[in-house]
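# Working through the structure, step by step
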Amino acid sequence: MSEPATLELISDNISEDEVIFPPGDILSDEPPLESDLHREQIDLLIRILKLWWRERQDFYASGNLTIYYSPNQKKSEHFRGPDFFVVLGTQKKDRKSWVVCQEDGKYPNLIVEILSSSTTAVDKGLKKQVYQDTFRTPDYFWFDPVTTELQGFHLVDGKYQEIQVTTDGRLWSQQLELYLGVYEGKLRFFTTENQLILSSEELAEQERLRAQQAEERAQEAKERVQQAEQEIARLREVLRTQGIDLENI
């Protein structure tokens, strides 16, 4: 996605280059997302991974959030806003932005950029170079929500090597220990057994269908019992008309 807008001056007498990180959180400075497709895709990845790792407390997953990584601790230099990223080995808590110098120098372990017509060149060029050489992010992927193009890279000896696609058309993330692949036009996560990791809505729908099927099976069983009882009653009546009383046999 597009980069943060130009930062405002703190005052008329202080230039951007002199802006120093204050203690505590710094607000993200990302612009609005370009389309509903981009917003929904980013939100989907965040929600599903948080749900899948709901018992874990050692990661941070977010998207369209500014990462400040100035070695001089200046807000006005060296910042990027990945569409989706995951940091491992950190505290699971809400943040206003990711400030590397305030996070023990940690950079994302995985980044996904959602391509658009205005950002494709940067995502495949400049950003890929920054994520490789500066962030040293082990896993980098990009996905086009319109064409469903998906490509991934893993850092090997300091250089990105393309991740080979599986026969199912998926890419392995060593950092997440999950596959990334396209399902119904969306970028999704898959388990090592190639099972789709469901969203909360899909889990709720799955549970609803199970309950419905269980109710249908119970109703079918009830109807079979009723039919059996009716058949027994019919046979009793046939025997009775023939002078046979089952109670006396």
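Above this text is the structure in question.
From a predicted model like this one, the values you see are computed outputs, not experimental measurements.

### Let's talk about unusual backbone geometry
- With a phi close to 55 degrees, Asp-157 is a non-glycine residue in the positive phi region.
- Examined against the element boundaries, Asp-157 turns out to sit in the loop between strand S8 (150–156) and strand S9 (159–162).
- Note on Asp-157: relative accessible area 79%, which makes it exposed.
- With a phi close to 55 degrees, Glu-177 is a non-glycine residue in the positive phi region.
- Here Glu-177 is to be found in the loop between strand S10 (171–173) and strand S11 (178–183).
- According to the relative accessible area criterion, Glu-177 is exposed, its value standing at 55%.

### Structural notes on helix H1 (residues 36–52)
- Here H1 is 17 residues long and its end C-alpha atoms lie 24 Å apart, about the 24 Å a rise of 1.5 Å per residue gives.
- Taken together, the buried positions of H1 are His-38, Gln-41, Ile-42, Leu-44, Leu-45, Ile-46, Ile-48 and Leu-49.
- Among the structural elements, strand S1 (59–62), strand S4 (84–88), strand S6 (110–114), strand S7 (139–143), S11 and strand S12 (186–190) are those in contact with the buried residues of H1.

### So, the pattern of salt bridges
- The final tally for this structure, using the stated rule, is 10 salt bridges.
- Notably, a salt bridge pairs Arg-47 with Asp-43, separated by 2.8 Å at the nearest N-O pair. Here Asp-43 and Arg-47 lie together in helix H1, a separation of 4 residues that amounts to about one turn.
- Assessed through its relative accessible area of 37%, Asp-43 is described here as partly exposed.
- Among the ionic pairs, Lys-124 bridges to Glu-149, the shortest N-O distance being 3.0 Å. Of this pair, Lys-124 sits in helix H2 (residues 120–124) while Glu-149 is found in the loop between S7 and S8, placing the two residues 25 residues apart along the sequence.
- Three or more residues joined by partner-sharing salt bridges are found here, namely Arg-39, Glu-40 and Lys-186.

### Section: the packing of aromatic side chains
- For the structure shown, the criterion picks out 15 aromatic pairs.
- A ring pair is formed by Tyr-131 and Phe-135, whose centres lie 5.2 Å apart and whose planes are at 45 degrees; its orientation type is tilted. With Tyr-131 and Phe-135 both in helix H3 (residues 126–135), this residue pair falls 4 residues apart, about one helical turn.
- With relative accessibility at 3%, the residue Phe-135 sits in the buried group.
- Following the ring pairs from residue to residue traces out a cluster consisting of Tyr-69, Tyr-107, Tyr-131, Phe-135, Tyr-140, Trp-142, Phe-153 and Tyr-160.
- When the ring centre of Trp-53 is taken as reference, the NZ or CZ atom of Arg-56 above it lies at 4.0 Å.
- Sitting above the plane of the Phe-190 ring, Arg-170 keeps its charged end 3.8 Å from the centroid.

Criteria and cut-off values
Residues numbered from 1 in each chain as written. Predicted model: local features only at pLDDT ≥ 70, side-chain atom pairs only at ≥ 80, totals over all residues. Heavy atoms only, no water. Helix = DSSP H or I, 4+ residues; strand = E, 2+ residues; numbered from the N terminus. Buried < 20%, exposed > 50% of the residue type's maximum accessible area, 1.4 Å probe, protein only. Expected span 1.5 Å × (residues − 1). Contact = heavy atoms within 4.5 Å. Salt bridge = Lys/Arg side-chain N within 4 Å of Asp/Glu carboxyl O. Phe/Tyr/Trp six-rings, centres within 6.5 Å; stacked < 30°, edge-to-face > 60°. Lys NZ or Arg CZ within 6 Å of the ring centre and 35° of its normal.

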